[in-house]
Amino acid sequence: MAKRQFKSESKRILDLMIGSIYTHREIFLRELISNASDAIDKLCYISLTDDKIGLTRDDFRIEIERDEEKRTLTVSDNGVGMTAEELEGNLGVIARSGSLKFKGELEQGGADADIDIIGQFGVGFYSAFMVAKKVTVVSRAYGSDSANVWESSGSDGYTVSPAERAGYGTDVIMELKDDADGEDGGENYSEFLDEHTLYSLIKKYSDYIRWPIIMEVTKSHRVEVPPGKDGKSSATWESRAEREAVNSRVPIWQRPKSEVPDEDCFKFFREQFGAERDPVSVVRVSAEGAAVSYKAMLFIPSKAPYGYFTREYEPGLRLYTSGVLIMERCDSLLPEYFRFVRGVVDSADLSLNISRETLQHDRQLKTIASNLEKKVRAELARLLEHEPEKYAGFYEAFGLQLKYGLLSDFGAHAENLKDLLLFYSRKAERPVTLAEYAKNMPEGQKYIYYACGSGIAALDKLPQAEPLRERGYDILYMTDDIDDFAARALGAFDGKELRSVTGGDLGLSGDEEKRELERTEAAHRELLDFVKESLGGKISEARLSGKLVSAPACLTAKGGVTLEMERYFSSIRAESPEPVRAERVLELNAAHRLFGTLKEAYGTDRERAAKYAELLYGQSVLTAGLQLDDAARFCEVVSELTA
Ligand code: ADP
């Protein structure tokens with residue numbers, strides 16, 4: 001039969017894997033056992049509604065068979081099996097989902113690429129080639145009368161042909177590579193035929209697999225020797241091979257917290273969820289309630305997985321009921337703003353026939369979801385208080401997600417999230433919570449001030465923040481695109497309003513100062529109108545500023561659209577037919593020398609005065625971190641006025 005070729009990308013990855021990544025090659029067993037367990041999960045789920053399968057829960061098993069003479073190791077399951085098309089589709093293509101990233105990492109990392117990414121992108125099965133020179137897969141799919149065999153000796157291709165198999169399920173038969181002499185004692189593959197090695201690998205990686213993993217183990221038995229001439233009885237020990245389940249089968253989340261150290265949970269997370277790094281935390285829940293009892297093991301990752309902030313990312317927790325996996329990613333167990341949490345929920349109280357649609361309305365599930373939300377929130381708060389460095393790492397990865405959470409559902413979650421946010425503090429020179437900001441507010445400061453922009457350095461020089469700096473008030477510098485929206489969604493913290501430094505009134509002046517400013521403004525009405533006129537629609541108002549100290553002018557906005565929103569929308573929709581524009585206000589500092597010069601020119605040379613208006617406006621646009629519409633024109637004006 002003609003050999004079929006692996007898809008070209010698969011071939012490259014396969015070569016890399018077979019050739020260079022062998023230090024962790026023992027994980028192949030864990031990968032195959034995990035596939036077998038998944039296949040059994042699926043058939044077990046089907047068997048709940050199809051009694052023709054003729055298997056009960058106690059019949060499902062994974063068998064490990066070793067043959068020292070033939071040098072073969074076989075992993076068998078009586079799970080759902082694969083059709084010929086599935087053998088071809090599942091085993092002929094590697095890395096369907098994350099192929100590009102995977103390839104990229106392998107190329108960058110070369111031979112040292114982290115083995116954990118293998119599990120991450122659905123190439124688990126291929127790890128068999130790290131130890132085998134030939135892999136044969138015999139499989140009979142659920143509902144099918146005949147079986148098929150898939151054979152491959154590595155990257156040169158594979159064949160699929162008809163075969164025989166007694167029941168549904170799959171056998172993966174690995175013909176192990178030859179042992180090779182070499183440095184470091186060479187490469188020993190025979191160890192994977194050794195009973196003790198296999199036993200300890202199963203204990204190490206697959207102990208919590210729910211289905212029995214059965215293999216032949218040597219047992220010592222005490223044998224009584226009948227009394228001899230002296231009348232004394234004695235005993236000797238005899239070894240016998242017996243087949244038995246070697247894994248303890250209690251899923252890790254079902255075992256008491258005291259028995260399972262965090263490190264074991266972290267290992268479970270890395271292996272089961274294809275994570276590259278340990279999570280920042282594991283949250284364990286064991287709830288016995290009137291409405292519903294359940295166990296959960298939740299992980300707060302330390303790094304956003306590939307594609308996390310894209311539409312393709314599928315959030316959700318693994319949902320089991322009575323030990324049967326009913327959903328790989330159940331997204332109604334967590335609020336959207338905690339969609340980074342991964343983990344397992346297991347409850348005997350849920351109906352086995354629960355479907356995606358009914359899940360949304362399930363009362364018990366809602367109870368679980370609401371508890372889990374609280375647990376995760378409490379854990380994040382704990383980290384923030386007691387392990388701030390860990391929290392900072394988490395926040396780096398998922399802070400943006402929390403801010404999106406603030407904006408979702410019209411700000412309904414602000415109460416749940418406000419204490420978890422961090423923003424960079426001008427005074428502390430590090431991210432702080434709103435509570436920390438509020439606690440350090442000096443007497444007399446009424447508002448929480450924040451300034452949005454693209455970088456800390458520019459924000460530190462914002463002219464309109466000068467009176468705040470002079471008073472020793474702190475300012476939160478917000479540099480994420482959505483920060484301004486987030487701050488607005490929050491509105492206030494602890495009864496203190498959040499005020500944007502670029503938004504207009506800083507609320508610093510008393511009534512008398514305000515009246516004074518109004519009087520001066522009235523006296524300069526004509527000049528201010530002239531400035532507005534001469535800028536030809538670029539601003540909607542020119543006024544005198546109460547908050548500038550040493551800078552001559554600044555730009556603020558009135559109405560619903562802020563300068564930050566304008567900047568944000570212009571960054572995401574450069575070609576938008578109707579650009580979102582803030583109503584710009586040019587604020588002038590009447591005490592500044594430049595204002596005097598403008599006033600003087602207004603009296604003697606209107607054309608020159610108009611250029612001063614352009615100069616002041618251009619400066620303000622730049623310090624606000626915005627683009628000039630016509631930079632060449634601005635330079636011309638600067639040259640003319642300074643020549
Ligand atoms: P992953 O398990 O991460 O998806 P694998 O390369 O290990 O990636 O397997 C690819 C697919 O092949 C699986 O998703 C599954 O559909 C199928 N498969 C692998 N092993 C088995 C098995 N023992 N029984 C049934 N299907 C299997």
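Residues numbered from 1 in each chain as written. Predicted model: local features only at pLDDT ≥ 70, side-chain atom pairs only at ≥ 80, totals over all residues. Heavy atoms only, no water.

### Looking at the pattern of salt bridges
Move 1: Applying the stated criterion to the full structure yields 47 salt bridges.
Move 2: Among the ionic pairs, Lys204 bridges to Glu26, the shortest N-O distance being 2.8 Å. With Lys204 in helix 6 (residues 195-206) and Glu26 in the loop between helix 1 (8-20) and helix 2 (27-47), this residue pair connects regions lying 178 residues apart in the sequence.
Move 3: Glu614 serves as the salt-bridge partner of Arg633, at 2.7 Å between the closest nitrogen and oxygen. Separated by 19 residues along the polypeptide, Arg633 in helix 21 (residues 631-642) and Glu614 in helix 20 (residues 606-623) bring together distant segments of the chain.
Move 4: Linked by salt bridges that have partners in common, Glu541, Arg543, Lys547, Lys558 and Glu587 make up one network. (Salt bridge = Lys/Arg side-chain N within 4 Å of Asp/Glu carboxyl O. Helix = DSSP H or I, 4+ residues; strand = E, 2+ residues; numbered from the N terminus.)

### Overview of the environment of Asp156
Move 1: Here Asp156 is to be found in the loop between strand 4 (147-152) and strand 5 (158-163).
Move 2: Each C-alpha atom, one on Asp156 and one on Gln5, is 6.8 Å from the other, the two residues being 151 residues apart in sequence.
Move 3: Leaving out residues up to four positions away in the same chain, Asp156 has contacts with Lys3 and Gln5. (Contact = heavy atoms within 4.5 Å.)

### Some remarks on the layout of surface pockets
Move 1: Each pocket or cavity is described by its volume, and for the second largest pocket that value is around 560 Å³.
Move 2: Taken together, 25 residues line the second largest pocket, and the ones lying closest to its centre are Ser509, Leu517, Ser545, Gly546 and Lys547.
Move 3: Elements with a minimum of two residues in the lining of the second largest pocket: helix 14 (466-471), helix 16 (511-523) and strand 20 (541-544).
Move 4: By residue number, the principal contributor to the lining of the second largest pocket is helix 16, which donates five residues.
Move 5: For the lining of the second largest pocket, a count of residues per class yields nine nonpolar, six polar and ten charged.
Move 6: Here the lining of the second largest pocket spans two domains, and each of domain 3 (422-508) and domain 4 (509-562 + 574-643) adds at least three residues to it. (1 Å grid on protein atoms, 1.4 Å probe; cavity = no way out; pocket = protein on both sides within 12 Å on 5 of 7 lines; lining within 4 Å. Points joined across faces, edges and corners; volume = space filled by probe spheres on them. Nonpolar A, V, L, I, M, F, W, Y, C, P; charged D, E, K, R; others polar. Domains from an automatic or database assignment.)

### Quick notes on the environment of Lys403
Move 1: Of note, Lys403 is situated in helix 10 (residues 388-407).
Move 2: Owing to a relative accessible area of 4%, Lys403 belongs among the buried residues under this scheme.
Move 3: Distance in space between the C-alpha atoms of Lys403 and Tyr337 is 8.3 Å, their sequence separation being 66 residues.
Move 4: Apart from residues lying up to four places away in sequence, Lys403 is in contact with Tyr395, Leu421, Phe423, Asp480, Ile482, Asp483 and Ala486. (Buried < 20%, exposed > 50% of the residue type's maximum accessible area, 1.4 Å probe, protein only.)

### Some thoughts on the sheet that holds strand 10 (residues 294-300)
Move 1: Read from one edge to the other, the open sheet built from five strands follows the order 9-10-13-11-12, with strand pairing classed as mixed. Strands with a single pairing partner mark the edges of an open sheet, and in this sheet they are strand 9 (281-287) and strand 12 (324-330). Averaged over all pairs of adjacent strands, the angle between their axes in this sheet comes to 10°, without regard to strand direction.
Move 2: Across three bridges, the pairing between strand 11 (residues 317-321) and strand 13 (residues 342-346) is parallel. When the bridges of strand 13 are listed, Arg318 appears paired with Val344.
Move 3: Lying on the sheet, helix 7 (residues 262-272) is in contact with strand 9, strand 10, strand 11 and strand 13; it crosses strand 10 at an angle near 75°. (Pairing = 2+ DSSP bridges. Axes fitted to C-alpha atoms, helices over the stretch in contact; angles between N-to-C directions.)

### Some details on the side chain of Arg318
Move 1: Residue position: Arg318 is located in strand 11.
Move 2: For Arg318, a relative accessible area of 9% gives the class buried.
Move 3: Side chain to side chain, Arg318 and Glu328 meet in a polar contact 3.1 Å long.
Move 4: Residues in contact with Arg318, not counting those within four places in the same chain, are Gln272, Phe273, Leu325, Met327, Glu328, Gly343, Val344 and Val345. (Polar contact = N/O pair within 3.5 Å; in protein donor to acceptor, adjacent residues only side chain to side chain.)

### Let's talk about the packing of helix 19 (residues 593-604) against helix 20
Move 1: Close contact between helix 19 and helix 20 brings their axes to 6 Å; oriented N to C, the two are set at 150°. Compared by their axis directions, helix 19 and helix 20 come out roughly antiparallel. Helix 20 is crossed by helix 19, and the crossing has left-handed handedness. Of helix 20, the residues touching helix 19 (which contributes Leu594, Thr597, Leu598, Ala601, Tyr602 and Thr604) are Arg606, Arg608, Ala609, Tyr612, Ala613, Leu615 and Leu616. (Parallel < 35°, antiparallel > 145°, perpendicular 65-115°, else oblique. Left-handed = near helix turned anticlockwise from the far one by under 90°.)

### Here we look at the pairing of strand 16 (residues 448-452)
Move 1: Most of strand 16 sits out of view: five of its five residues are buried.
Move 2: Burial along strand 16 is two-sided: the residues Ile448, Tyr450 and Cys452 and Tyr449 and Ala451 are all buried.
Move 3: Examined bridge by bridge, strand 16 and strand 19 (residues 496-500) share three bridges and lie parallel to one another. Looking at the pairing, Ile448 lines up with Leu498 of strand 19.
Move 4: For strand 16 and strand 17 (residues 476-478), the ladder comprises three bridges, and the chain directions are parallel. Each bridged residue has a counterpart across the sheet, and for Ala451 the counterpart in strand 17 is Tyr477.

### Observations concerning the confidence of the model for the protein chain
Move 1: Across the protein chain, the average pLDDT comes to 87, with 88% of residues at or above 70.
Move 2: The low-confidence segment residues 95-106, where pLDDT is below 50, has 30 contacts with residues more than four positions distant or belonging to other chains.
Move 3: Taken together, the stretch residues 109-122 has pLDDT below 50 and engages in 31 contacts with residues farther than four places along the chain or on a different chain. (pLDDT = per-residue confidence, 0-100.)

### Examining helix 15 (residues 483-490)
Move 1: Burial runs high along helix 15: six of the eight residues are buried.
Move 2: If you check which residues of helix 15 are buried, you get Asp483, Asp484, Phe485, Ala486, Ala487 and Leu490.
Move 3: Just downstream of helix 15, Gly491 is the residue with a positive phi angle, here 75°.

### A few points about unusual backbone geometry
Move 1: Of note in this structure, Arg249 is not a glycine but carries a positive phi near 70°.
Move 2: On the secondary structure map, Arg249 appears in the loop between strand 8 (234-245) and helix 7.

### Concerning the sheet that holds strand 22 (residues 583-588)
Sheet strands line up and pair through hydrogen bonds in the backbone, either parallel or antiparallel.
Move 1: Taken together, three strands build an open sheet; the order of strands is 20-22-21 and the sheet is mixed. Two strands bound the open sheet, and with one partner strand each, they are strand 20 and strand 21 (553-558). Taken over all neighbouring pairs, the strand axes of this sheet differ in orientation by 30° on average, direction set aside.
Move 2: As defined by bridge partners, strand 21 adjoins strand 22 across six bridges and the pair is classed as antiparallel. Looking at the pairing, Thr556 lines up with Val585 of strand 22.

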